[in-house]
Amino acid sequence: MNPYLVIILAALIGEFLLRSFARYLNLKALSPNLPSEFVGFYDEEKYRRSQEYSRANTKFAYVSSTFDLILMVGFILMGGFNFIDGLARDWTSMPILRGFVFFGLLYVLRDVLSTPFALYETFVIEERFGFNKTTAKTFLLDKVKSYILVAVLGAILLGGILYFFGETGDWGWLYAWGLVSAFIIVAPSLFVTVIAPLFNKFTPLSDGPLRDAIEEYSESVKFPLTEISVMDGSKRSGHSNAYFSGFGKKKRIVLFDTLMEKHSEEELVAILAHEVGHYKRKHILKGMLISIAHAGILFYLLSLFIENRGLFDAFRMDQLSVYAGLVFFGILYSPIELVLSIVMNIVSRQHEYEADAFAADTIGSPEPLVSGLKTLSVSNLGNLTPDDLTVILNYSHPPMLQRIAALRALGIAAQRA
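**Overview of the pairing of strand β3 (residues 242–245)**
Moving on, step 1. Alternating residues of β3 divide into Ala 242 and Phe 244 and Tyr 243 and Ser 245, and every residue in both groups is buried.
Moving on, step 2. As paired strands, β3 and strand β4 (residues 251–256) are joined by 4 bridges and run antiparallel to one another. Each bridged residue has a counterpart across the sheet, and for Tyr 243 the counterpart in β4 is Val 254.

**Points about the packing of helix α9 (residues 265–280) against helix α14 (residues 367–379)**
Moving on, step 1. Where α9 meets α14, the axes come as close as 8 Å, and the angle between the chain directions of the two elements is 95 degrees. Between α9 and α14, the angle is such that the two are roughly perpendicular. Contact residues: Glu 266, Glu 267, Ala 270 and Ile 271 in α9; Pro 368, Leu 369, Ser 371, Gly 372 and Thr 375 in α14.
Moving on, step 2. Here the contact of α9 with α14 is built from residues that sort into 4 nonpolar, 3 polar and 2 charged.

**Overview of the sheet that holds strand β2 (residues 225–231)**
Moving on, step 1. Pairing in this open sheet of 4 strands is mixed, and the strands run β1-β2-β4-β3 from one edge to the other. The strands lining the two open edges of the sheet, one partner per strand, are β1 (202–204) and β3. Geometrically, the sheet is characterised by an average inter-axis angle of 30 degrees between neighbouring strands, direction not taken into account.
Moving on, step 2. In this structure, β1 lies alongside β2, joined through 3 bridges in antiparallel fashion. Note that in β2 the partner of Pro 204 across the bridge is Ser 229.
Moving on, step 3. Sheet strands touched by helix α6 (residues 172–199): β1, β3 and β4. Its angle to β3, the strand with the most contacts, is close to 140 degrees.
Moving on, step 4. Contacting β3 and β4, α9 runs over the sheet at an angle of about 30 degrees to β3.

**With respect to the layout of surface pockets**
Moving on, step 1. Estimates place the volume of the second largest pocket at around 1,400 Å³.
Moving on, step 2. Met 72, Phe 103, Leu 106, Arg 110 and Val 327 are the residues nearest the centre of the second largest pocket, which is lined by 42 residues in total.
Moving on, step 3. The set of elements that each furnish at least two residues to the lining of the second largest pocket consists of α1 (3–29), α2 (44–77), α4 (95–128), α5 (136–167), α6, α10 (283–305) and α12 (322–332).
Moving on, step 4. Partitioning the lining of the second largest pocket into residue classes produces 32 nonpolar, 5 polar and 5 charged.

**Focus: helix α13 (residues 334–363)**
Moving on, step 1. For α13, with 30 residues, the first-to-last C-alpha span of 42 Å sits near the 44 Å given by 1.5 Å per residue.
Moving on, step 2. Taken as a whole, α13 has its buried residues at Ser 334, Leu 338, Asn 345, Ser 348, Arg 349, His 351, Glu 352, Ala 355, Asp 356, Phe 358, Ala 359 and Ala 360.

**Quick word on the environment of Ile 96**
Moving on, step 1. One can find Ile 96 in helix α4.
Moving on, step 2. Here Ile 96 falls in the partly exposed class, since its relative accessible area comes to 28%.
Moving on, step 3. Spatially, the C-alpha atoms of Ile 96 and Tyr 163 are 6.9 Å apart, while their sequence positions differ by 67 residues.
Moving on, step 4. Residues within four places of Ile 96 in sequence aside, it is in contact with Gly 159, Leu 162 and Tyr 163.

**Side note on empty space enclosed by the protein**
Moving on, step 1. The full count for this structure, using the stated rule, is 1 cavity of 30 Å³ or more.
Moving on, step 2. As for the largest cavity, its lining consists of Ile 214, Tyr 217, Ser 218, Ile 253, Val 269, Leu 272 and Val 276.
Moving on, step 3. When residues of the lining of the largest cavity are traced back to their parent elements, those giving at least two are α7 (209–220) and α9.

**Considering the side chain of Arg 403**
Moving on, step 1. With respect to the helices, strands and loops of the structure, Arg 403 is situated in helix α16 (residues 400–416).
Moving on, step 2. If we ignore the near neighbours within four places in the chain, the residues touching Arg 403 are His 274, Glu 352, Tyr 353, Asp 356, Leu 373, His 397 and Pro 398.

**Description of the side chain of Asn 2**
Moving on, step 1. Among the structural elements, Asn 2 can be located in the segment before α1.
Moving on, step 2. Here the side chain of Asn 2 touches Tyr 4 through a polar contact of 2.8 Å, landing on its backbone nitrogen.
Moving on, step 3. Setting aside residues up to four positions removed in sequence, Asn 2 forms contacts with Gly 310, Asp 313 and Ala 314.

**Topic: the nonpolar core**
Moving on, step 1. Counting 45 residues, the largest nonpolar core has Ile 8, Phe 81, Phe 102, Phe 165, Phe 299, Phe 315 and Phe 328 as the members making the most contacts within it.
Moving on, step 2. Contact partners of Phe 299, with chain neighbours within four places excluded, come to Ile 161, Phe 165, Trp 173, Ala 176, Trp 177 and Val 180.
Moving on, step 3. Ranked by size, the runner-up nonpolar core spans 42 residues in total, among them Ile 228, Ile 253, Leu 373 and Met 400.

**Structural notes on the pattern of salt bridges**
Moving on, step 1. This model, assessed by the stated rule, comprises 14 salt bridges.
Moving on, step 2. Where Asp 85 meets Arg 89, a salt bridge forms, and the shortest distance between an N and an O atom there is 2.8 Å. In this pair, Asp 85 and Arg 89 both sit in helix α3 (residues 80–91), 4 residues apart, roughly one turn of the helix.
Moving on, step 3. Classification of Asp 85 by relative accessible area gives buried; the value is 2%.
Moving on, step 4. Linking Arg 309 and Asp 313 is a salt bridge whose minimum nitrogen-to-oxygen distance equals 3.0 Å. Remark: Asp 313 and Arg 309 occur in helix α11 (residues 309–314); sequence separation between them is 4 residues, near one turn of the helix.
Moving on, step 5. Using a relative accessible area of 33% as the deciding quantity, one classes Arg 309 as partly exposed.

**A closer look at a negative patch on the surface**
Moving on, step 1. A surface patch of negative charge is lined by Asp 212, Glu 216, Glu 219, Glu 265 and Glu 266.
Moving on, step 2. Among the secondary structure elements, Glu 265 is positioned in helix α9.

Rules and cut-offs
Residues numbered from 1 in each chain as written. Predicted model: local features only at pLDDT ≥ 70, side-chain atom pairs only at ≥ 80, totals over all residues. Heavy atoms only, no water. Buried < 20%, exposed > 50% of the residue type's maximum accessible area, 1.4 Å probe, protein only. Helix = DSSP H or I, 4+ residues; strand = E, 2+ residues; numbered from the N terminus. Pairing = 2+ DSSP bridges. Axes fitted to C-alpha atoms, helices over the stretch in contact; angles between N-to-C directions. Parallel < 35°, antiparallel > 145°, perpendicular 65-115°, else oblique. Contact = heavy atoms within 4.5 Å. Nonpolar A, V, L, I, M, F, W, Y, C, P; charged D, E, K, R; others polar. 1 Å grid on protein atoms, 1.4 Å probe; cavity = no way out; pocket = protein on both sides within 12 Å on 5 of 7 lines; lining within 4 Å. Points joined across faces, edges and corners; volume = space filled by probe spheres on them. Expected span 1.5 Å × (residues − 1). Polar contact = N/O pair within 3.5 Å; in protein donor to acceptor, adjacent residues only side chain to side chain. Core = buried A, V, L, I, M, F, W, Y, C linked by side-chain atoms within 4.5 Å. Salt bridge = Lys/Arg side-chain N within 4 Å of Asp/Glu carboxyl O. Patch = residues over 30% accessible without salt bridge, like charges linked within 9 Å, V, L, I, M, F, W, Y side chains within 5 Å. Areas by Shrake-Rupley, 256 points an atom, 1.4 Å probe, with all protein chains shown as cover. Lys, Arg positive; Asp, Glu negative; His and termini not counted. Charge placed at Lys NZ, Arg CZ, Asp CG, Glu CD.

As structure tokens, then:
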């Protein structure tokens, strides 16, 4: 048997089994006993619903991931990629255009097959637990906008990558790295000015006590805030959040309208102080540099496999091509990507602790953030007792009880100082 095929099948099945085992442990870790930290925040009925929500999402993940595995393995073994490549070659003889057709057909096929799952998740699970606000019209419009966005960005990035690997010889990976690195740098500004407004409406936070409190806090920590916006998150979901965006001189704090409905002014300032902490501790810059370094390693390794005959044979391909090589290497690379994602989750969780500490220190007490995190967890029906393996594999944020314990420890240390 082709050694690349053995590696690919082992990686796909191995990751599926690992994640399935993590889901099993996560279900086992659900406890009917409300943690003492949340007494007075969760009532008995709401806590029970939070566990039902975790069970529903976990069982749904079992089904969707099983479907994904069967689809991918079947598609590989039955020569599905070669069939798609044949359609692309019949369409055009130009390599870059063939690449667009190849990726486009794969994207459409994947989207068509995954849409029933997205519909079920949105209109059944999220609806059952009171989170869904999405209408059929919004769902459809989001699809159309996503297709347009993928087509535009794909034409630029994929076109450039295919050109560099196809026309610039051994140094193609370096030029492709430069292109993607430039995109990583401009992406935050692009998201703020172009992408986010396609999907949501942003309105300036009106004058009043909350705006005054946010501006006063930003000034106290010398955060160059240029815009405070409210996003119509309730257009799609009852989940709540806040985020910081922008790079360079333009800094924007975004509050979900659902967040403002459920939190006190003090809690909102504390949550935003956490987001400011990411900026002040240079987490955004560090993340950007890590992404650029990761892309460089990825493209160099890709250059070693881009037209490897053995790899193409594993996917039952008749002819070599740069565009198919991108897909096949991505699948072959998945075990390394899994390890890297675990490492990145560790780094991300540490950054969350640091941002929490910054917020507690600059506000003068951890309690407003503790209260805000509790309210956020309750309103989102968060799982308070995730299993350790699930945290390792999936959590970019520390489990809520661990975050609160770390904040409590900071408060005790500050009192002793």
